[in-house]
Amino acid sequence: MDFTFSEEQQAAAEAARGVFADVAPDAVPSPALTTGAVADEFDRALWATLADADLLSLLLAQEYGGAGLDAVALCLVLRESAKVLARVPLLESSAAMAAVQAYGGPELRGELLERAGRGEVVLTVAASGRTGHDAAGLAVTARQEGEGADWVLDGVQTAVPWAYDADFVVVPAHTTAGRTVLALVPRGRDGVALGEQFSTSGERLGELRLESARIAARDVIDVEGAWEWLRDLLTTGTCALALGLGERVLRMSSAYTSEREQFGFPIATFQAVAVQAADRYIDLRAMEVTLWQAAWRIASGARGSLPVAGDVAVAKVWASEGVRRVVQTAQHLHGGFGADVDYPLHRYHAWAKHLELSLGPAAAHEEALGDLLAAHSLG
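Please read these numbers as outputs of a predicted model, since none were measured by experiment. (Residues numbered from 1 in each chain as written. Predicted model: local features only at pLDDT ≥ 70, side-chain atom pairs only at ≥ 80, totals over all residues. Heavy atoms only, no water.)

Draft legend 1. Here's a closer look at the packing of aromatic side chains. Within the structure shown, the criterion is met by six aromatic pairs. Considering the side-chain rings of Phe5 and Trp292, the 5.0 Å spacing of their centres and the 70° angle between planes classify their relative orientation as edge-to-face. One end of the pair, Phe5, is in the segment before helix H1 (7-20); the other, Trp292, is in helix H7 (residues 271-300), with 287 residues separating them in the sequence. Overall, the relative accessible area of 26% leaves Phe5 in the partly exposed class. Taken together, the aromatic side chains of Phe42, Trp47 and Trp162 make up a single cluster linked through ring pairs. When the ring centre of Tyr281 is taken as origin, the NZ or CZ atom of Arg285, which lies over that ring, is 4.9 Å away. (Phe/Tyr/Trp six-rings, centres within 6.5 Å; stacked < 30°, edge-to-face > 60°. Helix = DSSP H or I, 4+ residues; strand = E, 2+ residues; numbered from the N terminus. Buried < 20%, exposed > 50% of the residue type's maximum accessible area, 1.4 Å probe, protein only. Lys NZ or Arg CZ within 6 Å of the ring centre and 35° of its normal.)

Draft legend 2. Molecular detail of the nonpolar core. If you look at the biggest cluster of nonpolar residues, it comprises 88 residues, and the most contacted ones within it are Phe20, Leu50, Leu230 and Leu245. For this core, the leading source of residues is helix H6 (residues 226-259), giving 14 residues. Discounting chain neighbours no more than four positions away, the residues touching Leu50 are Val19, Phe20, Leu55, Leu56 and Val88. One finds Val140, Ala142, Ala183 and Ile215 within the second-largest nonpolar core, a separate group that totals 20 residues. (Core = buried A, V, L, I, M, F, W, Y, C linked by side-chain atoms within 4.5 Å. Contact = heavy atoms within 4.5 Å.)

Draft legend 3. Structural context of the pairing of strand S6 (residues 192-198). Two elements, S6 and strand S7 (residues 204-215), share seven bridges in a ladder whose sense is antiparallel. Following the sheet pairing, Gly195 is matched in S7 by Glu207. Between S6 and S7, which follow one another and run antiparallel, lie five residues, and Gly202 among them has a positive phi close to 85°. (Pairing = 2+ DSSP bridges.)

Here it is in structure tokens:
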């Protein structure tokens, strides 16, 4: 079997490397040096460059000005973005666009997708639930007062990324009939309020509070499976970010230990150092293979012994635990130098912690995987 990426996927990754080549991880104040947000908004200049390189519209069909690529291509680009800690809502906006394209009505697709693909409209997703530990689809209620009427939303979603910068927040909400719908909530709408929160990486998040917020029927996706598909894509993209970050951190550790000498020899030649680095390399390879399995399942729709959510859960378990081990080992091998705020490693450590916990820590996905194994026979 041929496991190589397609020419189009490789071209997307190459374009991403070109765009991110000049991005400095230290372009904003260190989260260790500020009690608030490291910046007022995301990197708008980089966002415009990504739009010019057609990297915001990767998943859109040609009729919407996109390249018609898949989740694998998106993950390749996200992997490159994490290596430089790119401060853009690339994952959230791309995933939201893909969900609108796959499940939204023709009016919503026509109004939104081309503008979002050009970077003129920014989308994000509320996927953390009320507390970050409960199901996101249960944190908000949605009711409709008659067929074709507006939907009314009530509830709270915590830790919404880029909430203060996005034009629309895609909010999962449950109905009295037990369905989960996706509502595109515009910023500034009556009944919509934001409370300021901060991530470990120093980025500004938003607690989204909805009080009888009215959303037009055309801006609500009421299709079975839409939220589950979007959640799987978001989680898999988070795994791609963790992989890219981990790969860059391991390279930083390799460079440092090759130059740092003790007893007249580079510490990289010491067995204890080499063994730790080798263990982290194995973590990264496991993160990589499970990531591509999950991304391929989403992209191809291929059937397996378990639903796609099973492969996504495995990928997230490895990503959460693997990226934590990589940055912890890097800090150990760097000694006190790793905590120096003039050196970028501490930033990667802060971002890694955020990615580890985003969309559920490893334990939550292990529990979900256990439930899937109990419900599906592998024989």
